[in-house]
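If you want the building blocks of each chain, they are given just below.
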Amino acid sequence: MNKAHNPAAIAPPFRNIYTHGMECPANARTLWISGQVGTRPDGSIAPDCAGQADQIMQNIGPILAEAGMSFADLVKLNAYLVKADDFAAFAPVRAKHLAGAKPAMTSVVVTALAQPSWLVEVEAVAAKS
């Protein structure tokens, strides 16, 4: 079982939506998920951040499932957004899919992603005993 670390000696996680540190047991299997973008199975992409974020999380779910894992097994999530204002659209979508899971998380605003139509990209790490 992964163990969360939120020491009282430092400020609590912002909005209580992530964990400062996640510890995985020594025998845990680790799954590294490449940066996912909001491309649908038919190759199309939503024009807005919320739509792309929802598809990203829908893409991550089957990757986790194929490894016998779920969103509850995520220990690290990195989000890269092209616009700082889009974090307000991204956060509730992420929360919906994580359903209470609070992996360690980093969110970064970047100048651009590899394709101009991509507004958000998410990479993740999961671990399970």
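Heads up: the structure comes first, above all this text.
For the structure given in this document, a descriptive report is provided here.

The rules behind the values
- Residues numbered from 1 in each chain as written.
- Predicted model: local features only at pLDDT ≥ 70, side-chain atom pairs only at ≥ 80, totals over all residues.
- Heavy atoms only, no water.
- Phe/Tyr/Trp six-rings, centres within 6.5 Å; stacked < 30°, edge-to-face > 60°.
- Helix = DSSP H or I, 4+ residues; strand = E, 2+ residues; numbered from the N terminus.
- Buried < 20%, exposed > 50% of the residue type's maximum accessible area, 1.4 Å probe, protein only.
- Pairing = 2+ DSSP bridges.
- Axes fitted to C-alpha atoms, helices over the stretch in contact; angles between N-to-C directions.
- Contact = heavy atoms within 4.5 Å.

Our next topic: the packing of aromatic side chains. Taken as a whole, this structure holds 1 aromatic pair when the rule is applied. Judged by centre distance (6.1 Å) and plane angle (50°), the rings of phenylalanine 87 and phenylalanine 90 are tilted. In this pair, phenylalanine 87 and phenylalanine 90 are both assigned in helix H2 (residues 87-98), 3 residues apart and thus about one turn of the helix distant. The exposure class assigned to phenylalanine 90 is buried, which follows from its relative accessible area of 1%.

Here the focus is the sheet that holds strand E4 (residues 74-81). Spatially, the 4 strands line up as an open sheet ordered E3-E6-E4-E5, and their pairing is mixed. At either margin of the open sheet sits one strand with a lone partner, and together these are strand E3 (29-36) and strand E5 (104-109). Within this sheet the neighbouring strands show an average axis-to-axis angle of 5°, counted without direction. Inspection of the sheet shows E4 paired to strand E6 (residues 120-128) by 7 bridges, in the antiparallel sense. Bridge pairing in E6 links leucine 74 to alanine 126. Along the sheet face, helix H1 (residues 49-66) touches E3, E4 and E6 and points at about 150° away from the line of E3. Those strands touched by H2 are E4, E5 and E6, and its axis lies near 155° from that of E4.

So, about the side chain of threonine 19. Structurally, the position occupied by threonine 19 is in the loop between strand E1 (3-5) and strand E2 (21-23). For threonine 19, a relative accessible area of 4% corresponds to the buried category. Excluding anything up to four places from it in sequence, threonine 19 contacts Ala4, His5, Asn6, Pro13, Lys102, Pro103, Ala104 and Met105.

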